[in-house]
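Take a look at the letters that make up each chain.
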Amino acid sequence: DTALTPEQLRTRVAGLLAESRARSTALTEAVDEADLVAQHSPLMSPLVWDLAHIGSQEELWLVRDVGGREPLRPEIDGLYDAFQHSRASRVELPLLTPAETRTYVAEVREKALDALEHTRLTGRRLVEHGFAFGMIVQHEQQHDETMLATHQLRAGAPVLHAPPPPPGRQPAAREVLVPGGPFTMGTSTEPWALDNERPAHVVDVPAFVIDTAAVTNAEYTAFVEAGGYDDPRWWTEEGWAHRVSAGLVAPQFWQRDGSGTWYRRRFGVLEPVPADEPVVHVCFHEARAYARWAGKRLPTEAEWEKAARYDPATGRSRRYPWGDEDPTPAHANLGQRHLQPAAAGAHPLGASPLGVQQLIGDVWEWTSSGWHPYPGFEVFPYPEYSQVFFGGDYRVLRGGSFGTAPAAIRGTFRNWDHPIRRQIFSGFRCARDARPEDGPA
Ligand code: AVJ
Ligand code: FE
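Summarised in this report is the structure supplied together with it.

What counts, and where the lines are drawn
Residues numbered from 1 in each chain as written. Chains lettered and ligands numbered in written order. Predicted model: local features only at pLDDT ≥ 70, side-chain atom pairs only at ≥ 80, totals over all residues. Heavy atoms only, no water. Pairing = 2+ DSSP bridges. Helix = DSSP H or I, 4+ residues; strand = E, 2+ residues; numbered from the N terminus. Axes fitted to C-alpha atoms, helices over the stretch in contact; angles between N-to-C directions. Salt bridge = Lys/Arg side-chain N within 4 Å of Asp/Glu carboxyl O. Buried < 20%, exposed > 50% of the residue type's maximum accessible area, 1.4 Å probe, protein only. Near = heavy atom within 4 Å. Polar contact = N/O pair within 3.5 Å; in protein donor to acceptor, adjacent residues only side chain to side chain. Nonpolar A, V, L, I, M, F, W, Y, C, P; charged D, E, K, R; others polar. Donors = N, O, S within 2.8 Å, 3.2 Å for Na, K, Ca; no water. Tetrahedral: all angles 85-135°; square planar, octahedral: opposite > 155°, others 65-115°. Phe/Tyr/Trp six-rings, centres within 6.5 Å; stacked < 30°, edge-to-face > 60°. Lys NZ or Arg CZ within 6 Å of the ring centre and 35° of its normal.

Once that is clear, we can look at the sheet that holds strand E4 (residues 208–211). The strand order across the open sheet built from three strands is E1-E4-E12, with neighbouring strands paired in antiparallel fashion. Edge positions in the sheet fall to strand E1 (175–178) and strand E12 (431–433), since each of these pairs with one other strand and no more. Geometrically, the sheet is characterised by an average inter-axis angle of 25 degrees between neighbouring strands, direction not taken into account. One ladder, built from three bridges, connects E4 with E12; its direction is antiparallel. Bridged to Val209 within E12 is Arg432.

Below is the structure:
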């Protein structure tokens, strides 16, 4: 990216803006007007709010700030400020109608493209390497994933369709040893990395063992069938209290028929739980309970990133597990091309040098780490993206899901959420401390 000419950079930005908008459009054209303005869950905004909020952020950063243009609709700024209104309350606001929203986002886009054409992408940190445009591309794509989660919560007949992902087979080695020692975590050079991924810093990670695949539905079902939800031994005190008060008995969207077979509802379709897919829609507490039951634990955030980026041959940290090239469909299940995680082993070309598979795509992976800044963190360009959440009760998730766009995920990308959340596309993989018999550390 740093090697692109200004013209190539503009073309790339315009292409990604168009791609993101195509997805936002598909997600909002799939349902009728009543559905667009409805509250499908108190955890989510009405879809029409997400769409206008996408436009509003684009207007603030690309049209007003980068472009130096007059506001289009200053009177609606507050409505679409995520900090002024909780998700649960947005349905009560005097929002733009779906038709007004579509007109608004199209007008913003036209002006943003004009700003792209007429702004020098250098001389100011906000625009260097097209950062502000990359930030807005990623912001729209993040809301596309949020809207996909809203679709998953929506009742009624299926409206989203996609071909199934390629099949897979569990990797032969079920776990690998990651040797101990320092590695470089985070980045100071990735042009569109967000503030919380910076700066690059060396972390000494002792040897550990990590699973080559995420925990599958078959494996998770064994935990359910073994009474894992009834045994407080596997849960922390906090996790057990939540398990009881929320009445958790299985992942979200699972149900059992009379014969005891588990089914799950996905985008309006009820189907038997597919054994070989990574489990999805589990909260942090469920992930941690499973790991303890299995005699393992969740990886720390540093362990996850070392497994994903460390190249033992060179000692370097890669951009992605497979190397430095941007993701292709052969590497990872990303971008809502398939509306489900791929089976374990479906993307061997995306493996890390040590043979850890599907770290990128399929399901977000819970780590045991809380949400904290890296040493040397600097807010850029605004504190409400990352900083205001540091130190809360959040846990870090890594790697992106089938709902995450390629431009919105990297080996360094950090996501976070409350430990009780499971409407997101969240799964996990297990790790453990290395033992002498695992080999040289
Ligand atoms: C990074 C996924 C936690 O959706 O809350 C979107 C992304 N920030 N708009 C979120 C985000 C502002 C954020 N996460
Ligand atoms: Fe947002």
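Following the structure, the description resumes.
Across all of its chains, the model carries 37 salt bridges by this definition. Residue Glu33 pairs with Arg102 through a salt bridge whose shortest N-O separation is 3.7 Å. Taken together, the positions of Glu33 in helix H2 (residues 33–37) and Arg102 in helix H4 (residues 98–118) put the pair 69 residues apart, joining distant regions of the chain. Owing to a relative accessible area of 45%, Glu33 belongs among the partly exposed residues under this scheme. With its nearest N and O atoms 2.9 Å apart, the salt bridge here joins Asp438 to Arg432. Taking relative accessible area as the criterion, Arg432 reaches 8% and is therefore assigned buried.

Residues in contact with ligand 1, as listed here, are His139, Gln142, His143, Tyr385, Asn415 and Trp416. His139 is positioned such that a nitrogen or oxygen atom in its side chain is 3.1 Å from a nitrogen atom of ligand 1. A distance of 3.2 Å separates a nitrogen atom of ligand 1 from a polar side-chain atom of His143. When its residues are assigned to classes, the shell around ligand 1 shows two nonpolar, four polar and no charged.

What follows deals with the pairing of strand E3 (residues 201–205). Covered by surrounding structure in E3 are His201, Val203 and Val205 only, the residues Val202 and Asp204 on the alternate face being uncovered. Note that strand E2 (residues 181–185) and E3 share five bridges and pair antiparallel. Bridge assignment links Pro182 to a residue of E3, and that residue is Asp204.

Looking now at the coordination of the iron ion (ligand 2). Octahedral six-donor coordination of a metal ideally yields angles of 90 or 180 degrees, compared with 109.5 degrees for tetrahedral four-donor coordination. For the iron ion (ligand 2), every protein donor is listed as His53 (NE2), His139 (NE2) and His143 (NE2), and the spread of their distances is 2.1 to 2.2 Å. Because the angles between the four donor atoms bound to the iron ion (ligand 2) fall within 91 to 170 degrees, the donor set is best described as irregular. Looking at His53, the relative accessible area reads 5%, which means it is buried.

The next point concerns the packing of aromatic side chains. Tallied over the full model, the rule gives 28 aromatic pairs. For the pair Phe223 and Tyr229, a centre-to-centre distance of 5.6 Å together with 45 degrees between the ring planes defines the contact as tilted. Taking relative accessible area as the criterion, Phe223 reaches 0% and is therefore assigned buried. Tyr229 gets classed as buried once you look at its relative accessible area, which sits at 4%. Among the aromatic residues, those joined into a cluster by ring pairs are Trp61, Phe83, Trp371, Phe377, Tyr382, Tyr385, Phe389, Phe390, Tyr394 and Trp416. One residue, Arg125, lies across the ring of Phe380, its end atom 3.8 Å from the ring centre. Over the ring of Tyr374 we find Arg414, and its NZ or CZ is 4.1 Å from the ring centre.

Spatial strand order, E5-E6-E7: three strands in an open sheet with antiparallel pairing. If you trace the sheet from one side to the other, it starts and ends with strand E5 (254–256) and strand E7 (269–272), each paired once. For this sheet, the mean angle separating the axes of adjacent strands, direction not counted, is 35 degrees. Direction of pairing for strand E6 (residues 262–266) relative to E7: antiparallel, over a ladder of four bridges. When the bridges of E7 are listed, Arg266 appears paired with Val269.

Everything listed is a geometric property; what it means functionally is a separate question.
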